[in-house]
Structures are given as C-alpha cells and as structure tokens.
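One-letter residues, chain by chain:
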Amino acid sequence: MRKKKESRGDKMEKNMSMIYKKKLTVLIVDDDQSRRTLHLGIIQMAGAFAYMARNAEEAVNLHRNGDSFNLIIIDNQWSSHMKVTSMIVGMTSREDENRACMEAGVDHCLVKPLTFGKMASIIDQLKCSS
Amino acid sequence: MDTLIAQLQRQFRDYTISLYHQGFLDDQFTELKKLQDECSPDFVAEVVTLFFEDCEKLISNMARALDQTGNVDFKLVGSSVHQLKGSSSSVGAKRVKGLCVTLKECCDSQNFEGCVRCLQQVDIEYKTLKAKLQDLFNLEQQIVQAGGRIPQVDI
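Residues numbered from 1 in each chain as written. Chains lettered and ligands numbered in written order. Predicted model: local features only at pLDDT ≥ 70, side-chain atom pairs only at ≥ 80, totals over all residues. Heavy atoms only, no water.

- As annotated in an unreviewed UniProt entry, chain B carries the name Histidine-containing phosphotransfer protein and comes from Capsella rubella.
- Looking at chain B in UniProt, the text filed under Function (unreviewed entry) is "Functions as a two-component phosphorelay mediators between cytokinin sensor histidine kinases and response regulators (B-type ARRs). Plays an important role in propagating cytokinin signal transduction." (UniProt positions renumbered as here; feature names shortened; annotations may be inferred.)

- Under the annotation held in an unreviewed UniProt entry, chain A carries the name Response regulatory domain-containing protein and is attributed to Capsella rubella.

So this is what it looks like as structure tokens:
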C-alpha cells in the first residue's frame, strides 16, 4: 500500500489543533497601517490570532498589559537591543538585507511580502521547536 | 492623587483605544455609541448581543453545510456569510467583517479548505470580540457604581 502524502487538509488540521490547544498568537510590529491590516489577514488565514503594534514600545506595553505572543513579526525596526523569548521574524525588503537582519538577533528573516505560504512554514517551525 | 474613579476612567479609555487599534472595532461602533443615551442606556449592549446571537446561528449553519463532504452547498454558505458580513459591518465588528470578505471569496471560488480555515477563524474572532466587549461593559458598570461618568473617548 502506498504511503499517503500529507495533504493540505491534514496539514491545516494539525495547525488548527496547535492553535486551539496552544492558542498561537502572533504580534505584528509595523508602523504602516495598511501593511498591518494585510498581515493581520494573512495571519488569520494561517489560523493564528493576531495583535498589532506600531513599534517596539507599543509592543512592550501590550505585553505589560498581559498579552503574550508565540511569534513576533517585525518590519524594518529590528535592532540589536531586542530581548524577547518569543520567536522573532524580521521582514526585509531584499535578500541582501537578510544578513543584517539576522545579526540584529532575529530568529528568521523573510523578504517581503508576507504570504500565506511563508506563514505556514514558520508555523511548522514553531510546532517543531515547542 | 488618583481616585478610584479616575483610575477606572483611564482604564476604560485605554481599553477602548486598544480595541480600535487592534482592529476589533471601527467607526461604525462609534456611531452606535452616539445613539445611546439616558432613554436607551443599554442600546449598544442590546445591539451587540443580537449580533453575537446572529454569529452563532450563521456560523453553525455554515459549519453544517461544509460538513456535507462531497456535497457542500456553497450557495448556502455564501448567503450566510453575506448576512454575517452585513451585520458585522453594522455593529463595527471590523475583524469579523474582514474575515467575512475573505470567506465570501473562498465560497465564490468553491475553495473548501479556505472556507473551513476562514470559518474557524470567524468563530475565534467573534468569541474574542464578545469577551472583550464584556470586559468593556464591566468597566463601564464599575465606573457608574463608583459614582463616576463614563468618559467620551476620541479615537
């Protein structure tokens, strides 16, 4: 009997169970409103719950008010004094910015735009690391 | 010196602003609040309660339709999401409305997986909004019970 390749439906179900059991929450940090809204939609479609902040300061305030995140997606504001325990993904405009981004201390770099496919691969990594 | 009332009012203001910033509410909710006065002091609470009942009913209809494997009635799902989009729009439930737009697109293209994913998200979002609005109403009550007035919040 041939081994069945994991379908998108199966993958989706596994991601869904991670969300319901562990309530995967993602923080978007971006000073541009329309980009925040776009990323919100993508994260929702990937099955996670999204919070938004305009900058690192707002992000810290959210955390102080009781919210916590499994994943932070930060755009253009990554800097070397970030200290977080959540996984951080930095968004860059071009491939050649990735090294500077990684040196700032992010866990992963993605070249913009964020897509559902890219989100799915990150969620997979989160699953493996937890 | 920070009185209890002042503290509560500040909490109320901050919480309200965060609900708008996190995209849970939009201008339409602001309009709803303007319709509330001494003659109808529970107007907003009543309207959103009806909305959440609507959510439960419509989501359940759509889930049932999507459960008919091999025989999904996408038209039924489409008309339910159309209704939900309308009612979420009229109460200012911005995130729910946004997801309804996406769900409608999945429906129109008969994208089964997309519909399922989206619907699960609609469920999470309306329940989250419900909990957050409950927190907000509780804050209002606390302010009134402490003898204060509910502040006008400009977004």
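## Here's the deal with the overall build of chain A
Right, on to step 1. Helix and strand content of chain A: five helices and five strands.
Right, on to step 2. Along chain A, helices and strands appear, N-terminal first, in the series α-β-α-β-α-β-β-α-β-α.
Right, on to step 3. Split into buried and exposed, the 130 residues of chain A put 43% on the buried side.
Right, on to step 4. Looking at chain A alone, contacts between residues at least 24 apart form 47% of all its contacts between residues at least 6 apart.
Right, on to step 5. Just so you have it, chain A exposes about 7600 Å², and 52% of that area is on carbon and sulfur atoms. (Helix = DSSP H or I, 4+ residues; strand = E, 2+ residues; numbered from the N terminus. Buried < 20%, exposed > 50% of the residue type's maximum accessible area, 1.4 Å probe, protein only. Contact = heavy atoms within 4.5 Å. Areas by Shrake-Rupley, 256 points an atom, 1.4 Å probe, with all protein chains shown as cover.)

## Examining the UniProt feature "modified residue: Phosphohistidine" (unreviewed entry) in chain B
Residues and elements named next belong to chain B.
Right, on to step 1. When the UniProt feature table is mapped onto this chain numbering, "modified residue: Phosphohistidine" (unreviewed entry) sits at H82.
Right, on to step 2. Within the secondary structure layout, H82 lies in helix 4 (residues 74-91).
Right, on to step 3. Exposure remark for H82: the relative accessible area of 55% places this residue in the exposed category.

## Thoughts on the pattern of salt bridges
Residue and element names in this part refer to chain A.
Right, on to step 1. Here the structure, examined in full by the defined rule, presents twelve salt bridges over all chains.
Right, on to step 2. Between E103 and R99 there is a salt bridge; the shortest N-O distance is 3.8 Å. Of this pair, E103 and R99 both sit in helix 4 (residues 98-103), separated by four residues, roughly a single helical turn.
Right, on to step 3. Residues joined in a network through salt bridges with shared partners are D30, R35, D75 and K112. (Salt bridge = Lys/Arg side-chain N within 4 Å of Asp/Glu carboxyl O.)

## Quick word on the packing of aromatic side chains
Right, on to step 1. Going through the model one piece at a time under the given rule, you end up with five aromatic pairs over all chains.
Right, on to step 2. Taking NZ or CZ as reference, B:R95 lies 5.0 Å from the ring centre of A:F49, over its face. (Phe/Tyr/Trp six-rings, centres within 6.5 Å; stacked < 30°, edge-to-face > 60°. Lys NZ or Arg CZ within 6 Å of the ring centre and 35° of its normal.)

## Side note on the packing of helix 3 (residues 43-66) of chain B against helix 4 of chain B
Residue and element names in this part refer to chain B.
Right, on to step 1. Contact pair helix 3 / helix 4: the axes reach a minimum separation of 9 Å and the direction vectors enclose 160 degrees. In terms of orientation, helix 3 and helix 4 fall into the roughly antiparallel class. Two packed elements cross with a definite hand, and for helix 3 against helix 4 that hand is left-handed. Contacts between helix 3 and helix 4 pair V47, F51, D54, C55, L58, I59, N61, M62, A65 and L66 from the former with L76, V77, S80, V81, Q83, L84, S87, S88 and V91 from the latter.
Right, on to step 2. Here the contact of helix 3 with helix 4 is composed, by residue class, of 13 nonpolar, five polar and one charged. (Axes fitted to C-alpha atoms, helices over the stretch in contact; angles between N-to-C directions. Parallel < 35°, antiparallel > 145°, perpendicular 65-115°, else oblique. Left-handed = near helix turned anticlockwise from the far one by under 90°. Nonpolar A, V, L, I, M, F, W, Y, C, P; charged D, E, K, R; others polar.)

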